[in-house]
Amino acid sequence: MRHILTGTTAAKGMALGRARLVQPSRYLVDTRPLNEDEVDVELARLHRALETARQELRELRGKLHGALAREVNEFIDAHSLLLDDPELLRGLDDLVRIGHYRPGAALKKQRDRIAAVFEAMDDPYLRSRKEDVDQVISRVISALQRQTSREERKLAARVGEILVADTIAPADMAHLAGSGLLGVVASSGSAYSHSAILARSLDLPMLVGVRDALSTIHDDDLILLDAERGEAVVHPTAQDLARYRAWQREAAQEGRRLATLANAPTRTTDGVDIRLLANAEMPADIAMARARGADGVGLYRTEFLFLRQKGLPTEDEQFIAYRDLVLGMGGLPVTIRTLDLGADKADAAGLVLRGEDNPALGVRGVRLSLRYPAVFTTQIRAILRAACYGPVRVLVPMVTQPDELIAVRTLFKLARQELKRENVDLPEKLALGAMIEVPAAAINVRALLEHADFLAIGTNDLAQYVLAADRGNDALDNIYNPLQPALLRLLSYVIAEGRRAKKPVSLCGEIGGDVSFTALLLALGLNEFSMHPSQLLHVRDRVATLDHALLRAHASRILRARTHEEAEALLTQIVG
Ligand code: PEP
Ligand code: MG
């Protein structure tokens, strides 16, 4: 039966696909004990589900090709081995036969047992295998619960998959991209999480905070994901599908109109030029940035190189990625951010400290890099070598105080000396900039400006730290609001201080690419915006409708707002 689930849009767009449930964090299982006469039937059902899961993995393997196949096959092998693991299977049988557990409850019990063993391991790689167990068990549970009709299955077989999960880690998202994934429905999470950023980057529509997703959607259900409206329509009707087709036509038309702006300047109605830079993570972003007329790359998030593989990327691997980025931008400036691992950016390399009570307030970003000078130096050498191919700036994440910038400069100096001794070509002096995303850095920005050549404001984190509200927690939506007066005043201060010191200031948080904040940021004096390249033309289009002088004249009024609601009302009054 058709039903609609609502959530918050994390990445816009629409998609029609069949549901694929992944990693439910809470298994919805029936814990009532079995009657003796039910045991054989339920055991057979469990074995059928296990066989279905094995069959799915075989089919998945058959569908993959090329480089992606190599990466994903590793997971499939691990999962297949688990599904045939005699201890797991014997344990399940015993739980049903002797313990009278229902199959779902038995799977959950086995999952918890194995997870406890993995969690107790010291080796971070082995510990991370717990996720494989989660995924395998959830695949079998899905097979147990499957309830779709024959007709719907036929239709579903012709479309790709929509991931339905509690949350999805950025690393998982990176792995799933390209494997036919059409969109994501998450029951928790927020639009400012790294997974949401990645979804926008991959052009995958994504909804977060869809409360009942895991209890009401089943594997293979047909879903119309409408991230324009913030809805997931389960078992859509012909009328829903007609709406989807109309959206596809409109999106294509709007795409054609915006494409005409690709080579246009970014200019306000009163003739002020604004610089639009791109946030990039992967080669496709670079191509899109060029195609849409970005003035450069304002944020290249290098951590994605560290998430794509197990172990650390070598100097040469990093050099090639950075060099290709520089060459890809054809002489336009690129800003490479040094490693920002920690907090929710799980690392396959095993660098991030485990067991921190507050990872978001822990050893992340430059704090982590400075703790591992050898790893950091490898990255610095790769950046220096790539910088011979075009203009590069270096951006340091999570800066709190000047000594961190001083330490980074010293490491750059030492790496230069080392490379010189090795007769490697070296670039001219590189500009070194600080991300302003820690409140202390914003408040004490004058001291930082003595050591930084430029600033990039990271509003995603700055907002979470100023407001003490986790950027990934959807329960805090009413607090985590970019229009909070405290945040606006801090932004205005940092921008003004940058101007006073005659140093460039850009903003690379998600609001930089959100057209509903363009007028506000212009009013606060920002003239460099960095955003996902998919947003470039939308923002250019918006800038062309705004009067810069008028907005600047309203800045002090906006900054006097006492609540985010008041700031929003004022903005509406000013720009409609
Ligand atoms: C930010 O914090 O605003 C930012 C751009 O960095 P990230 O989202 O990668 O933490
Ligand atoms: Mg950040």
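These remarks concern the structure in this document.

Cut-offs applied
Residues take numbers from 1 onward in each chain, read along the sequence in its written order. Whichever chain is written first becomes A and whichever ligand is written first becomes 1, with later ones labelled in order. Confidence filtering applies because this is a predicted model: local features only for residues at pLDDT of at least 70, side-chain atom pairs given and counted only at 80 or more, and all residues used for totals across whole chains, interfaces and linings. Side-chain numbers come from the whole structure's heavy atoms, not from hydrogens or water. We call a residue near a given molecule or strand whenever any one of its heavy atoms falls within 4 Å of it. For the purposes of these results, a polar contact is taken to be a pair of N or O atoms within 3.5 Å, where, inside protein, one atom must be able to donate a hydrogen and its partner to accept one; residues adjacent in sequence count only when each atom of the pair is a side-chain atom. Residue exposure ignores everything except the shown protein chains as possible cover, and the areas themselves are Shrake-Rupley values with a 1.4 Å probe. Only runs of H or I of at least four residues qualify as helices and only runs of E of at least two qualify as strands under DSSP, and these elements are numbered from the N terminus. For this scheme, ten residues count as nonpolar: Ala, Val, Leu, Ile, Met, Phe, Trp, Tyr, Cys and Pro. Four count as charged, namely Asp, Glu, Lys and Arg, and the remainder, Gly too, count as polar. Exposure classes here rest on a 1.4 Å probe applied to the protein chains alone. A residue is buried below 20% of its type maximum, exposed above 50%, and partly exposed in between. Two strands qualify as a pair provided DSSP detects at least 2 bridges between them. Throughout, a residue-residue contact means that at least one pair of heavy atoms, one from each residue, lies within 4.5 Å. By convention in these notes, a salt bridge is any Lys or Arg side-chain nitrogen within 4 Å of a carboxyl oxygen on Asp or Glu. The axes used here are C-alpha line fits, helices contributing only the stretch in contact, and every angle between their N-to-C directions lies in the interval 0 to 180 degrees. We call two directions roughly parallel when the angle between them is under 35 degrees, roughly antiparallel when it is over 145, roughly perpendicular when it lies between 65 and 115, and oblique otherwise. Left-handed describes a crossing whose near helix is turned anticlockwise from the far helix by less than a right angle; the clockwise case is right-handed.

By nearness alone, 17 residues border ligand 1, and Arg 301, Arg 337, Gly 458, Asn 460 and Arg 471 come closest of all. The side chain of Arg 337 places a nitrogen or oxygen atom 2.8 Å from an oxygen atom of ligand 1. Burial of ligand 1 by the protein chains amounts to 100% of its free accessible area of 290 Å². Secondary-structure elements contributing two or more residues to the shell around ligand 1 are helix H9 (194-201), strand E10 (297-301) and helix H20 (459-467). In terms of residue count, the dominant contributor to the shell around ligand 1 is H20 (three residues). Across the shell around ligand 1, the residue classes tally to four nonpolar, five polar and eight charged.

With that out of the way, let us pick up the pairing of strand E8 (residues 231-234). Neither face of E8 is exposed, since Glu 231 and Val 233 on one face and Ala 232 and Val 234 on the opposite face are all buried. Note that strand E1 (residues 3-6) and E8 share four bridges and pair antiparallel. Pairing of Thr 6 across the sheet is with Glu 231, part of E8. Where strand E7 (residues 222-226) meets E8, four bridges bridge the pair, whose relative direction is antiparallel. What sits directly across from Asp 226, in E8, is Glu 231.

Here we take up unusual backbone geometry. The backbone of Asp 220 sits at a positive phi, close to 75°, despite the residue not being glycine. For Asp 220, the position within the fold is in the loop between helix H10 (213-216) and E7. Residue Lys 502 is not a glycine yet carries a positive backbone phi of 55°. Structurally, the position occupied by Lys 502 is in the loop between helix H21 (485-500) and strand E15 (505-507). Lys 502 gets classed as exposed once you look at its relative accessible area, which sits at 75%.

Residue position: Thr 518 is located in helix H22 (residues 518-523). Not counting residues within four places of it along the chain, the set of residues in contact with Thr 518 comprises Phe 529, Val 539, Arg 542, Val 543 and Leu 546.

Another aspect to go through is the pattern of salt bridges. As enumerated under the stated definition, the model contains 38 salt bridges in all. For Arg 97, the salt bridge goes to Asp 40, with nearest N and O atoms at 3.8 Å. Taken together, the residues Arg 97 in helix H3 (residues 86-97) and Asp 40 in helix H1 (residues 39-63) connect sequence positions 57 residues apart. Using a relative accessible area of 55% as the deciding quantity, one classes Asp 40 as exposed. With a closest N to O distance of 2.5 Å, Arg 243 and Asp 226 form a salt bridge. Note that Arg 243 is positioned in helix H11 (residues 238-259) and Asp 226 in strand E7, a separation of 17 residues in sequence.

Time to look at the sheet that holds strand E6 (residues 206-208). Here we have eight strands laid out as an open sheet, ordered E1-E8-E7-E3-E4-E5-E6-E2, and mixed in their pairing. With one partner strand each, in any of the chains shown, E1 and strand E2 (8-11) form the two edges of the open sheet. In this sheet, neighbouring strand axes are inclined to one another by 30° on average, regardless of whether the strands run parallel or antiparallel. Relative to E6, strand E5 (residues 181-186) runs parallel, the two sharing two bridges.

Running from N to C, H20 and H21 point in directions that differ by 130°, and their axes come no closer than 10 Å. Overall, the two elements H20 and H21 adopt an arrangement that is oblique. Our pair here, H20 against H21, has a crossing hand that is right-handed. Along the contact surface, H20 presents Thr 459, Leu 462, Ala 463 and Val 466, while H21 presents Ala 486, Leu 487, Leu 490 and Leu 491.

Below, the discussion takes up the environment of Ile 443. With respect to the secondary-structure elements, Ile 443 resides in helix H18 (residues 439-443). Sequence separation of Ile 443 and Tyr 493 is 50 residues, and the distance between their C-alpha atoms is 8.2 Å. Apart from residues lying up to four places away in sequence, Ile 443 is in contact with Leu 490 and Tyr 493.

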